[in-house]
Amino acid sequence: MAESDKERAERVGDPKLQSAYRALGAEEPPHALDEKVLAASRRAIEVHPAPLVAPTGRRSWSVPLAAAAILALAVGVTLHMQIEQPGIEGLPPAGGERDRPEAVESSSPPAAKVEKPAIAASAPPAARAETRAKPADPAAEAVVASPAKEKTAEPAAAGQGAVPEREERAPVESASRDIGSFPPLPRAAAPALAKRADAAAQAAADTPERELERIAGLRKQGRHDEADKALAEFRKRHPDFKIPDAMLERVERR
Amino acid sequence: MAAGDEQLMLAYREGDAGAFEELYRRHKGGLFRFVLRSVRERSVAEELYQEIWMRAIEARGRYEPQAKFTTWLYTIAHHRLVDHWRKKGLQVVSLDAESEFSAQAGFEPQGILEAKQGLERFARALELLPPAQREAFLLHHEAEMSVAEIARATGSNEEAAKSRLRYATAKLKEALGDG
């Protein structure tokens, strides 16, 4: 019972203290404040249903803004990648390598792919011609690779420093062959590479037959000196090429 | 029979603006005096009072009638006041520390005892209570909270709440010449 009285006293409090407290006054909030709070309460249920999570100070525009920023970033990165990749992929292979059987090998094992650039890049022109004539046989290529490897080992043996094998290759070759293993080239390097690639492509386009046609054209125009010079140059570059009789009549001075 | 506070709050959560108006009418005076007597400056009290109601409005979606509405509302008020005191450089842990707070207020017991009017002495004693004790007293007298409810609203335990209320009561009685 005593406990109950104590509880009651605790709940009600000391009457004298309570009356003193009440005597301090019954201040009320100003009417304008009432209106503000009530207006906010009405606005809250008109604009939004009850939020499950109380706002933490961020404004309502932060979420759409963040989404837009992420979208813009994603589009930017995608475009950047699309601009960079075709610039490299679009480069034609140098030195008539389009004709080489290995150039169309796309299903070779990665190890073989790593080996091939070293062969083609560092081999002398004669070796290249030999390579061109050979079938796409990895074993056969390995045979061709031997001298090239020896050649690339020489500078290191001569004390010129261990230059990475990749750096010895022509940029176009390395770009066209190692597209999968190299990081994207810097944007600034793209125009220079493209120019060099065009020159290489022009040379590649001049097949022996075309060259002969060009010489025949010179001959026909009466530019015999130029034709003779071109023919001599042609024979120097293609010593093994047998000129058909019909073409021979057209290109040789009569 | 009038709807309880908890029912009104649930009705407001479901979109009944009138329910909130009734709740506001019931509790605006008590909450305003609680804030006013906690911070003493009227302009600050009005600002805090408005913010407390705004927080209650924003948090309506999380309201669950597991506790009394007054406990929920005054818990919001307590947190807002703690933020206020923190900004003013008062540590929450020192809310019970009478010496520090009294020194700030230039408390002089002798001056209080010599005050001529009992009510003035009471008002000043209330002002000079350590914040946590004053808060316990105001919650008890304005929100009519029990010790357990005070503990819950202020995030403390019942022993601490009971102790604060007892100290506050003793000092105020002393100020009234009834100690």
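Residues numbered from 1 in each chain as written. Chains lettered and ligands numbered in written order. Predicted model: local features only at pLDDT ≥ 70, side-chain atom pairs only at ≥ 80, totals over all residues. Heavy atoms only, no water.

A few words now on the confidence of the model for chain B. Residue and element names in this part refer to chain B. Mean pLDDT over chain B stands at 82; residues scoring 70 or higher make up 83%. Taken element by element, the predicted model of chain B shows its lowest mean pLDDT in helix 5 (residues 98-105) (43) and its highest in helix 3 (residues 42-58) (93). For the stretch residues 98-116, pLDDT sits under 50, and the model shows 26 contacts to residues farther than four places along the chain or on other chains. Predicted complex metrics record ipTM = 0.78 and pTM = 0.47. (pLDDT = per-residue confidence, 0-100. Helix = DSSP H or I, 4+ residues; strand = E, 2+ residues; numbered from the N terminus. Contact = heavy atoms within 4.5 Å.)

Attention shifts here to the interface of chain B and chain A. Each side of the interface is counted separately: chain B has 41 residues, and chain A has 36 residues. For the pairing of chain B and chain A, the buried interface totals around 3,400 Å² over both sides, and the portion due to carbon and sulfur atoms is 64%. For the chain B face of the interface with chain A, the top three residues by lost area are Arg37, Arg60 and His141 of chain B, together amounting to 16%. Our count for the chain B to chain A interface comes out at 4 salt bridges. A salt bridge links Asp34 of chain A to Lys28 of chain B, with the shortest nitrogen-to-oxygen separation between them at 2.9 Å. If you look at where chain B meets chain A, you find 12 residue pairs in polar contact (both at pLDDT 80 or more). Those elements that place two or more of their residues in the side of chain B that touches chain A are helix 1 (5-13), helix 2 (17-39), helix 3, helix 7 (118-127), helix 8 (131-142) and helix 10 (158-175) of chain B. In terms of residues, the side of chain B that touches chain A owes the most to one element, helix 2 of chain B, which gives 10 residues. For the side of chain B that touches chain A, a count of residues per class yields 19 nonpolar, 7 polar and 15 charged. (Buried area = accessible area lost by both parts, 1.4 Å probe. Salt bridge = Lys/Arg side-chain N within 4 Å of Asp/Glu carboxyl O. Polar contact = N/O pair within 3.5 Å; in protein donor to acceptor, adjacent residues only side chain to side chain. Nonpolar A, V, L, I, M, F, W, Y, C, P; charged D, E, K, R; others polar.)

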